[in-house]
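Each chain is listed here by its residues.
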Amino acid sequence: NDGDKIILPSSALQELLTAGNNQLPSPLTFELRHPHTNAIIHSGVKEFADLTNHIQLPAWMAHAIDLNDEDHVLIKAKPLPKGTWVRLRPLSEDYLEITDYRAALESHLRGHYTTLTTGQTITCRYGAHSYGFLVVDLKPDQAVGVTDTDLEVDLDP
């Protein structure tokens, strides 16, 4: 639950390799869409496992697009532009307990996230506490990759 990485069936890897002439983009990023509401979230991949027609995703991601256990989800590989800027809104004033919140957020994003989507909530662990932040805005697009990029972080008061 500390990031946006999902586990996909090994058959998905085979499909991706076939479609890409045995080459995969790096990092692999995906769009997950609820089939009825069209709610969208983006993710990276943690691994490909021996799952048959199932994926595993963090509970917060399922909640974000209103998925329940055993619901269907539409998933497709989707390359995203590298993020350059993010505006976050703290969900409580507790974040002020983090002595250097910019460095803590940048480190947490680098270690746990591959993508960000406008409107999603991220949780940053610092010490024994977790702090929630809403992704208010992103540049250059509404969904971005955050791997191997210098992502500037601004906070709303």
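The name given to the protein in an unreviewed UniProt entry is Ubiquitin fusion degradation protein UFD1, with the source organism recorded as Phycomyces blakesleeanus. Under the Sequence similarities (unreviewed entry) heading, UniProt states for the protein: "Belongs to the UFD1 family."

Right, let's get into unusual backbone geometry. Residue Pro27 follows Ser26 across a cis peptide bond; omega there is 0 degrees. For Pro27, the location among the structural elements is in the loop between α1 (10–19) and β2 (29–33). One non-glycine residue, Asn38, lies in positive phi territory at about 65 degrees. Residue placement: Asn38 occurs in the loop between β2 and β3 (40–49). Overall, Asn38 belongs to the partly exposed group, its relative accessible area being 45%. A positive phi angle, close to 70 degrees, is found at Glu70, a residue other than glycine. Checked against the element boundaries, Glu70 lands in the loop between α2 (59–64) and β4 (74–77). For Glu70, a relative accessible area of 65% translates into the label exposed.

Hydrogen bonds between backbone groups are what pair the strands of a sheet, and the pairing can be parallel or antiparallel. Ordered by their spatial adjacency, 4 strands build an open sheet running β7-β8-β5-β10, and the pairing between neighbours is mixed. Lying at the two open borders of the sheet, with one neighbouring strand each, are β7 (121–126) and β10 (152–155). Taking each pair of neighbouring strands and ignoring which way they run, the sheet shows an average axis angle of 40 degrees. Relative to β10, strand β5 (residues 85–90) runs parallel, the two being bridged by 4 bridges. When the sheet's bridge partners are listed, Leu88 is paired in β10 with Leu155. Here helix α3 (residues 101–112) sits on the sheet and contacts β5, β7, β8 (129–139) and β10; the angle it forms with β10, its principal contact strand, is near 130 degrees.

Let us look at α3. In a regular helix each residue adds 1.5 Å, so 12 residues correspond to 16 Å; α3 covers 16 Å between its end C-alpha atoms and thus fits that length. Turning to α3, its buried residues number three or more, namely Ala104, Leu105, His108 and Leu109. Projected down its long axis, α3 shows its buried positions confined to an angular sector of 125 degrees, all on one face. Turned more than 90 degrees off the buried face of α3, the exposed positions are Arg110 and Gly111. At its buried positions, α3 is contacted by β5, β6 (115–117), β7, β8 and β10.

Judged by nonpolar contacts, the single largest core of 34 residues is most densely connected at Val86, Leu88, Leu116, Ile122 and Phe133. Here the element with the most residues in this core is β8; it accounts for 4 residues. Two domains each donate at least three residues to this core, and these are domain 1 (5–77) and domain 2 (85–155). Apart from the residues within four sequence positions on either side, Phe133 is in contact with Leu88, Arg89, Pro90, Leu91, Tyr95, Leu105, Gln120, Thr121, Ile122, Cys124 and Leu155.

How each quantity is defined
- Residues numbered from 1 in each chain as written.
- Predicted model: local features only at pLDDT ≥ 70, side-chain atom pairs only at ≥ 80, totals over all residues.
- Heavy atoms only, no water.
- UniProt positions renumbered as here; feature names shortened; annotations may be inferred.
- Helix = DSSP H or I, 4+ residues; strand = E, 2+ residues; numbered from the N terminus.
- Buried < 20%, exposed > 50% of the residue type's maximum accessible area, 1.4 Å probe, protein only.
- Pairing = 2+ DSSP bridges.
- Axes fitted to C-alpha atoms, helices over the stretch in contact; angles between N-to-C directions.
- Contact = heavy atoms within 4.5 Å.
- Expected span 1.5 Å × (residues − 1).
- Arc of directions from axis to C-beta.
- Core = buried A, V, L, I, M, F, W, Y, C linked by side-chain atoms within 4.5 Å.
- Domains from an automatic or database assignment.

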